[in-house]
Amino acid sequence: MTGGRVVAVTGTTAALADADTPEGREIGLDEVAGQDAWIAALPGVQVTGATVLPLDALAPDARAAFPGLAPDAALALTAAIALHALARDGRLAEVARERPADQALTLRRALPHRATPPRLKNDCFAMPQGIDWVPVDDALDRLRGALRPITGTEPCPVMEAAGRVLAQNVVARRGHPPAANAAVDGYGFAGTAAPGAGPHRLPLAEGRAAAGQPFDGAVPKGMALRILTGAALPPGVDTVVLEEDVAIDGAAIVFDGPLKAGANTRAAGEDVKAEDLVFLAGHRLLPPGLALLGAVGLAEVEVHRRLRVGVLSTGDEIVAKPGAAAAPHQIWDANRPMLLALIAGWGYEAVDFGHVGDDADAIAARFDAAAGAADVLITSGGASAGDEDHVSALLQARGTLSSWRIALKPGRPLALALWDGMPVIGVPGNPVAALVCTLIFARPALSLLAGAGWAEPQGFMVPAAFSKRKKPGRREYLRARLTPDGTAEVFASEGSGRISGLSWATGLVELPDGAMEVAPGTPVRFLPYSGFGIT
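Bear in mind the structure is a predicted one, so any value in this text is a computation, not a measurement.

### Describing the pairing of strand β30 (residues 475-482)
- Across the eight residues of β30, six count as buried, placing the element largely inside the fold.
- Where strand β25 (residues 408-409) meets β30, two bridges bridge the pair, whose relative direction is parallel. Residue K409 lies in a different strand from β30, and its bridge partner there is E476.
- Bridge count between β30 and strand β32 (residues 507-511): five bridges; the pairing is antiparallel. Bridging across to β32, L478 finds its partner in V509.
- Once β30 ends, the chain turns through five residues before running back antiparallel as strand β31 (residues 488-490), passing G486 with a positive phi of about 85 degrees.

Dropping the structure here:
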């Protein structure tokens with residue numbers, strides 16, 4: 001065989017016996033990364049003379065933890081770390097006695113949780129020189145290429161994992177179903193006992209099989225057994241006839257045929273086999289996914305720590321407290337409750353940093369507080385380049401600002417920056433533009449930062465129920481909803497100050513960058529709120 005055999009793991013070393021050097025030697029963990037050959041082509045590592053640990057199960061962890069190393073070297077280092085941890089806890093002999101599927105899970109759980117990845121580079125948002133108006137698709141491509149996951153990982157019980165993002169590939173601990181079983185209530189027998197057209201008469205064996213109550217013994221050939229849905233098929237049974245298709249004749253059943261061998265049964269592992277890949281890293285777990293994890297025997301999964309997303313409103317005109325006294329020149333804060341609710345609904349930890357007026361020092365102090373308590377900050381207001389746009393001015397002076405002028409309506413100014421390593425996404429203060437920019441830009445960015453990959457909005461083409469002549473140069477998003485006949489109607493006013501249109505709508509109509517003449521019946525793309533994860 002090629003590779004190496006683990007003899008013992010003590011301290012910070014793994015004692016190995018090479019195929020080429022049977023006397024063995026100790027390899028320190030700091031050396032293992034250079035030993036590309038010792039793990040190559042070896043599916044497992046022997047802990048005792050007869051036990052082989054399935055180290056291939058560590059491959060996803062190795063790739064994620066050591067992306068700069070060759071795959072074999074990364075796997076070698078990861079394996080040594082896991083084995084060292086198990087030896088330190090006195091569990092190597094225990095692992096040697098486990099089933100292979102359990103060994104794989106034990107090895108992965110023995111690994112330390114990966115530390116939080118390094119911060120984003122300071123120039124990650126920079127646009128190429130000479131870029132003025134940025135088309136929406138170009139801006140999205142640029143943003144997607146600049147970002148990567150920024151959260152660490154942690155173990156999470158499956159019972160609490162709804163909405164969490166997997167940090168590692170997940171494999172089945174055992175198959176589902178674990179044993180061949182009955183798909184209906186009826187009578188089980190060997191399919192070869194009733195191959196023809198019938199009628200067939202089979203004596204009944206004593207007893208029955210039910211879910212969780214297996215039949216003790218085997219069913220003799222030529223006999224039938226009462227069996228209920230979900231019951232494991234006992235030896236001598238591979239076919240089940242439906243209860244409704246059977247007549248009882250004393251101590252026997254009678255039914256017409258033919259009945260195909262294997263009818264009304266489920267094969268072991270026909271849904272998922274043991275050690276099958278269940279989910280890839282980056283998958284966001286929903287309630288149906290928890291059902292699958294539970295069914296294949298997983299009690300815990302490794303997930304990304306929840307992304308902490310801060311929200312800060314700015315502007316002297318804003319009254320932060322709902323219902324508080326407001327002068328005629330002031331408005332109540334509409335953006336903060338909207339953005340906090342969006343963030344929480346997307347499964348992130350929403351952190352409210354309140355409101356701050358147009359004061360550079362006060363804004364800077366709030367940014368400093370956010371950098372210590374959040375992974376990302378979304379600000380509303382002050383993102384443009386006017387005299388009172390203190391957010392962009394401050395980020396330009398003391399952060400790393402890239403102010404993108406996006407060719408879209410509504411929205412246009414989008415501030416992207418780093419403040420002490422924390423990404424800052426500055427959306428316009430107008431609530432309509434704030435929502436559009438958050439849905440189109442912030443949502444996919446947050447998803448990628450959280451480890452779940454880039455989130456594309458879901459949409460579909462429908463006939464328009466409106467007329468519009470669109471000029472070229474900017475992509476437009478219209479507040480819209482579907483009519484009972486499946487067409488898209490738009491809000492009566494396109495004014496970006498008409499907040500009521502946001503709740504009137506059930507989604508957005510997206511009109512392309514170029515010129516377009518829309519008449520009733522023209523196909524347009526409708527992006528439902530649900531396609532943005534708003535439910």
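### Some details on a negative patch on the surface
- Side chains of D316, E317, D359 and D361 sit close together on the surface and give a patch of like negative charge.
- Here D359 lies in the loop between β22 (349-356) and α10 (360-373).
- Of the residues examined, D359 reaches a relative accessible area of 39% and is grouped as partly exposed.

### Here's the deal with unusual backbone geometry
- Cis rather than trans, the peptide bond between H176 and P177 has omega equal to -5 degrees.
- Along the chain, P177 turns up in the loop between β8 (170-171) and β9 (181-182).
- The step from K409 to P410 runs through a cis peptide bond, and the omega angle for that step is 0 degrees.
- Position of P410 relative to the elements: it lies in the loop between β25 and β26 (413-419).
- Here D420, not a glycine, exhibits a phi torsion of approximately 55 degrees, which is positive.

### A short note on the pattern of salt bridges
- Counted under the stated rule, the structure contains 17 salt bridges.
- A salt bridge links D137 to R475; the nearest nitrogen and oxygen atoms lie 3.0 Å apart. Of the two residues, D137 is situated in helix α7 (residues 136-146) and R475 in strand β30; the sequence distance between them amounts to 338 residues.
- You can call R475 buried: its relative accessible area is 9%.

### Some thoughts on the packing of aromatic side chains
- Going through the model one piece at a time under the given rule, you end up with four aromatic pairs.
- Seen from their ring centres, F491 and W504 are 5.5 Å apart, and the 55 degrees between their planes marks the pair as tilted. Here the residue F491 occupies a position in the loop between β31 and α13 (500-504), and W504 occupies one in helix α13, the gap between them amounting to 13 residues.
- Classification of W504 as partly exposed rests on a relative accessible area of 22%.

### Some words on the packing of α7 against helix α12 (residues 431-449)
- At a minimum axis distance of 10 Å, the contact between α7 and α12 shows a crossing angle of 20 degrees. The angle between α7 and α12 places the two elements in the roughly parallel class. Considering the relative orientation of α7 and α12, their crossing is right-handed. Counted together, V136, A139, L140, L143 and R144 of α7 and I440, F441, A445 and L448 of α12 form the full contact between these two elements.
- Among the residues forming the contact of α7 with α12, the class breakdown is eight nonpolar, no polar and one charged.

The rules behind each value
- Residues numbered from 1 in each chain as written.
- Predicted model: local features only at pLDDT ≥ 70, side-chain atom pairs only at ≥ 80, totals over all residues.
- Heavy atoms only, no water.
- Buried < 20%, exposed > 50% of the residue type's maximum accessible area, 1.4 Å probe, protein only.
- Helix = DSSP H or I, 4+ residues; strand = E, 2+ residues; numbered from the N terminus.
- Pairing = 2+ DSSP bridges.
- Patch = residues over 30% accessible without salt bridge, like charges linked within 9 Å, V, L, I, M, F, W, Y side chains within 5 Å.
- Areas by Shrake-Rupley, 256 points an atom, 1.4 Å probe, with all protein chains shown as cover.
- Salt bridge = Lys/Arg side-chain N within 4 Å of Asp/Glu carboxyl O.
- Lys, Arg positive; Asp, Glu negative; His and termini not counted.
- Charge placed at Lys NZ, Arg CZ, Asp CG, Glu CD.
- Phe/Tyr/Trp six-rings, centres within 6.5 Å; stacked < 30°, edge-to-face > 60°.
- Axes fitted to C-alpha atoms, helices over the stretch in contact; angles between N-to-C directions.
- Parallel < 35°, antiparallel > 145°, perpendicular 65-115°, else oblique.
- Left-handed = near helix turned anticlockwise from the far one by under 90°.
- Contact = heavy atoms within 4.5 Å.
- Nonpolar A, V, L, I, M, F, W, Y, C, P; charged D, E, K, R; others polar.

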